[in-house]
Amino acid sequence: MIHCRFIVIIVMITLAFLVTACQQPENSKQMSDARSVAEENLGVAIFAGGCFWCTESDFDKLPGVVATTSGYIGGTVANPTYKQVVAGKTGHVEAVKIQFDKTVTSFPELLNAFWPTIDPTFEEGQFCDIGPQYRSVIFYLNPEQQALAEASKEVLAASGRFDQPVVTEILPATEFYTAEDYHQDYYIKNPLRYAYYRNNCGRDERLESLWGVSH
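Residues numbered from 1 in each chain as written. Predicted model: local features only at pLDDT ≥ 70, side-chain atom pairs only at ≥ 80, totals over all residues. Heavy atoms only, no water.

**What to know about the pairing of strand S1 (residues 42-49)**
Then, number 1: Buried residues dominate S1, accounting for six of its eight residues.
Then, number 2: Looking at chain direction, S1 and strand S3 (residues 93-101) are connected through six bridges and run antiparallel. Directly across from Phe47, in S3, lies its bridge partner Val96.
Then, number 3: Of the pairings in the sheet, the one linking S1 to strand S6 (residues 136-140) comprises four bridges and is antiparallel in character. Paired with Ile46 across the two strands is Phe139, which belongs to S6. (Buried < 20%, exposed > 50% of the residue type's maximum accessible area, 1.4 Å probe, protein only. Helix = DSSP H or I, 4+ residues; strand = E, 2+ residues; numbered from the N terminus. Pairing = 2+ DSSP bridges.)

**Side note on the nonpolar core**
One recurring pattern in soluble globular proteins: nonpolar side chains tend to sit buried together.
Then, number 1: Counting residues in hydrophobic clusters, the biggest one holds 37 residues, and the most contacted among them are Phe47, Leu110, Trp115 and Ile138.
Then, number 2: Once residues within four sequence positions are removed from consideration, Phe47 is found in contact with Thr55, Phe59, Ala95, Val96, Ile98, Phe107, Leu110, Leu111, Phe114, Val137 and Ile138.
Then, number 3: In terms of nonpolar packing, the next biggest core, distinct from the first, is built from eight residues, Ile46, Val93, Ala95 and Val137 among them. (Core = buried A, V, L, I, M, F, W, Y, C linked by side-chain atoms within 4.5 Å. Contact = heavy atoms within 4.5 Å.)

**Details of unusual backbone geometry**
With the exception of glycine, most residues fall at negative phi, and the peptide bonds are largely trans.
Then, number 1: Here the phi dihedral of Asn79 falls at roughly 50 degrees; this positive angle occurs in a residue that is not glycine.
Then, number 2: Considering the arrangement of structural elements, one finds Asn79 in the loop between strand S2 (65-73) and helix H4 (82-86).
Then, number 3: With phi around 55 degrees, Asp185 is a residue other than glycine that occupies positive phi space.
Then, number 4: Tracing the chain through its elements places Asp185 in the loop between strand S8 (177-178) and helix H7 (186-189).
Then, number 5: According to the relative accessible area criterion, Asp185 is buried, its value standing at 2%.

**Quick word on the pairing of S2**
Regular strands show a simple pattern: their side chains alternate between the two faces of the sheet.
Then, number 1: S2 sits mainly inside the fold: nine of its nine residues count as buried.
Then, number 2: Two strands pair when backbone bridges link them, and S2 and S3 are joined in this way by eight bridges, in the antiparallel orientation. Counterpart to Ile73 in the pairing with S3 is Val93.

**Structural notes on the state of the cysteines**
Then, number 1: For the structure shown, the criterion picks out one disulfide.
Then, number 2: For Cys128, the disulfide goes to Cys201, at an S-S distance of 2.0 Å. Disulfide Cys128-Cys201: torsion about the S-S bond near -105 degrees, hence left-handed. Of this pair, Cys128 sits in the loop between strand S4 (125-126) and strand S5 (129-130) while Cys201 sits in helix H8 (residues 191-201), and the two are 73 residues apart along the sequence.
Then, number 3: A residue is classified by how much of its surface remains accessible, and Cys201, at 9% relative accessible area, is buried.
Then, number 4: As a non-bridged cysteine, Cys51 has Cys54 as the owner of its nearest cysteine sulfur, 4.3 Å distant. (Disulfide = S-S within 2.5 Å.)

**Looking at the confidence of the model for the chain**
Then, number 1: Averaged over every residue, the pLDDT of the chain is 88; residues scoring 70 or more account for 85%.
Then, number 2: Across residues 1-26 the pLDDT falls below 50, and counting only partners more than four positions away or on other chains, this stretch makes two contacts in the model. (pLDDT = per-residue confidence, 0-100.)

Right under this line is the structure:
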């Protein structure tokens, strides 16, 4: 009996270890990937495209992106919480900070990838998420990023793709506050809840109608 109980305990410990190991590799991988890129080759970009769960998921798929962090930017309250931000009273926007390998991708390529993940004509938020905290914004970190973002927006606006104006803002980056841990890699940690949210929000359906591409 003691021998059987000992085996059960060992099995339970092993299973617990395996579950823990399976839950952690993505964050660990991202940190490892970012560290493996030489500092001079590591670029940073910040995009807001509505719910940061979705923006993070979309950018994680891109070659050259080595880390993504969900957070809050553009507000007037220090160290805001999710509850404060979603109430829409701090001035912050849900956004994602992207670290990328400049030898693999570039800021213009990230811009080109960003536009088809949002509705750039919707001023009141994004998709089912309404409020200024969900509006689309490109936050630039230097004059070069500002010029590239403005040129990219002008090209899109002049393309004739949309009947309505392109309202995505281009703003200087302010302090970026990392969101609570449970928001990081949400689409990996909670795949069913994430899929349910994204589907019911009508995000992909709207994107396909706007851009003709599936996500």
